[in-house]
Amino acid sequence: MADQAGSSEHSAVCLRLMQLFPRVTRGMRRWQERAAPAPSPLSPRHVAALEQIRSGPLTVGELASRLDLTLPTVSGVLADLDRAGLVERRPDPADRRRTIVQIIPGQATMIGHWLDGAARPLARVLDKLTPGEQEAFLKAMNLLETELHRQDTGS
């Protein structure tokens, strides 16, 4: 009987989390769109790419690997960011077959402020947690990401 009660509580927590995730995602997306540096809204992939590129130039292949996306998908994301005037692409001088992408220097400060501002709601919530709670939350999210990836890849 105790296992059944625990299972029921577990199911209730899972159901609540499944309700919360889309709401949180929509809320974060709306927050980002209000302050977006481009005329059209940026998708989560655009935001993730800018976050990776903000630390310095990367090859398209490195970016695809970091984002766990295909090269054609990343190329499309970068084309959008290029059209929006946020990034520039150039051939790698060491290997002309590769392309290096970076944030346009004149846009770096604005993009940095926007990315940091987009993270503010999450930062305010994390500030309400103890370091141990933050660590447990991040561990849970990483485990969930791994589990979902495992289901996607069948491994």
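From a predicted model like this one, the values you see are computed outputs, not experimental measurements.

### Points about the nonpolar core
Counting 21 residues, the largest nonpolar core has Leu-50, Ile-53, Leu-63, Leu-78, Leu-81 and Val-87 as the members making the most contacts within it. Only α2 (44-53), α3 (60-67), α4 (71-83), β3 (95-103) and α5 (108-118) provide two or more residues apiece to this core. Not counting the four nearest positions on each side in its chain, Leu-81 is found in contact with Leu-42, His-46, Ala-49, Leu-50, Leu-86 and Val-87.

### So, the pattern of salt bridges
Considering all chains together, one arrives at seven salt bridges under this definition. Note that Arg-54 and Asp-116 form a salt bridge whose closest N and O atoms lie 3.0 Å from each other. Of this pair, Arg-54 sits in the loop between α2 and β1 (58-59) while Asp-116 is found in helix α5, placing the two residues 62 residues apart along the sequence. The exposure class of Arg-54 is partly exposed, given its relative accessible area of 32%. Here Asp-116 falls in the partly exposed class, since its relative accessible area comes to 43%. Between Arg-89 and Asp-82 there is a salt bridge, and its shortest N-O distance comes to 3.1 Å. Salt bridges here are not isolated pairs; linked through shared partners, they connect Glu-51, Arg-54 and Asp-116.

### Regarding the side chain of Thr-59
Inspection of the secondary structure assignment puts Thr-59 in strand β1. Excluding anything up to four places from it in sequence, Thr-59 contacts Asp-92, Arg-98, Thr-99 and Ile-100.

### Topic: the layout of surface pockets
Its volume calculated, the largest pocket comes out at about 2000 Å³. In terms of lining, the largest pocket is formed by 39 residues, of which the most central are Thr-25, Met-28, Pro-44, Leu-122 and Met-141. Of all elements in the fold, only α1 (2-34), α2, α5, α6 (120-127) and α7 (131-153) reach the threshold of two or more residues within the lining of the largest pocket. Per-class residue counts for the lining of the largest pocket are 24 nonpolar, eight polar and seven charged.

### Considerations on the sheet that holds strand β2 (residues 87-92)
As summarised here, the arrangement of the three strands in space is β1-β3-β2, forming an open sheet in which the pairing is antiparallel. Two strands close off the open sheet at either side, each with one partner strand: β1 and β2. As paired elements, β1 and β3 share two bridges and run antiparallel to each other. Across the sheet, Thr-59 pairs through a bridge with Ile-100, a residue of β3. Taken strand by strand, α2 contacts β1, β2 and β3, and its axis lies near 100° from that of β3.

### Here's the deal with unusual backbone geometry
Phi at Asp-68 takes a positive value of approximately 55°, unusual for a residue other than glycine. Tracing the chain through its elements places Asp-68 in the loop between α3 and α4.

### Let's talk about the packing of α2 against α4
Packing of α2 against α4 leaves a shortest axis separation of 10 Å and a crossing angle of 85°. Taken as axis vectors, α2 and α4 run roughly perpendicular relative to one another. Contact residues: α2 offers Arg-45, His-46, Ala-49, Leu-50 and Ile-53, while α4 offers Thr-73, Val-77, Leu-78, Asp-80 and Leu-81. In terms of residue class, the contact of α2 with α4 is made up of six nonpolar, two polar and two charged.

Calculation rules
Residues numbered from 1 in each chain as written. Predicted model: local features only at pLDDT ≥ 70, side-chain atom pairs only at ≥ 80, totals over all residues. Heavy atoms only, no water. Core = buried A, V, L, I, M, F, W, Y, C linked by side-chain atoms within 4.5 Å. Buried < 20%, exposed > 50% of the residue type's maximum accessible area, 1.4 Å probe, protein only. Helix = DSSP H or I, 4+ residues; strand = E, 2+ residues; numbered from the N terminus. Contact = heavy atoms within 4.5 Å. Salt bridge = Lys/Arg side-chain N within 4 Å of Asp/Glu carboxyl O. 1 Å grid on protein atoms, 1.4 Å probe; cavity = no way out; pocket = protein on both sides within 12 Å on 5 of 7 lines; lining within 4 Å. Points joined across faces, edges and corners; volume = space filled by probe spheres on them. Nonpolar A, V, L, I, M, F, W, Y, C, P; charged D, E, K, R; others polar. Pairing = 2+ DSSP bridges. Axes fitted to C-alpha atoms, helices over the stretch in contact; angles between N-to-C directions. Parallel < 35°, antiparallel > 145°, perpendicular 65-115°, else oblique.

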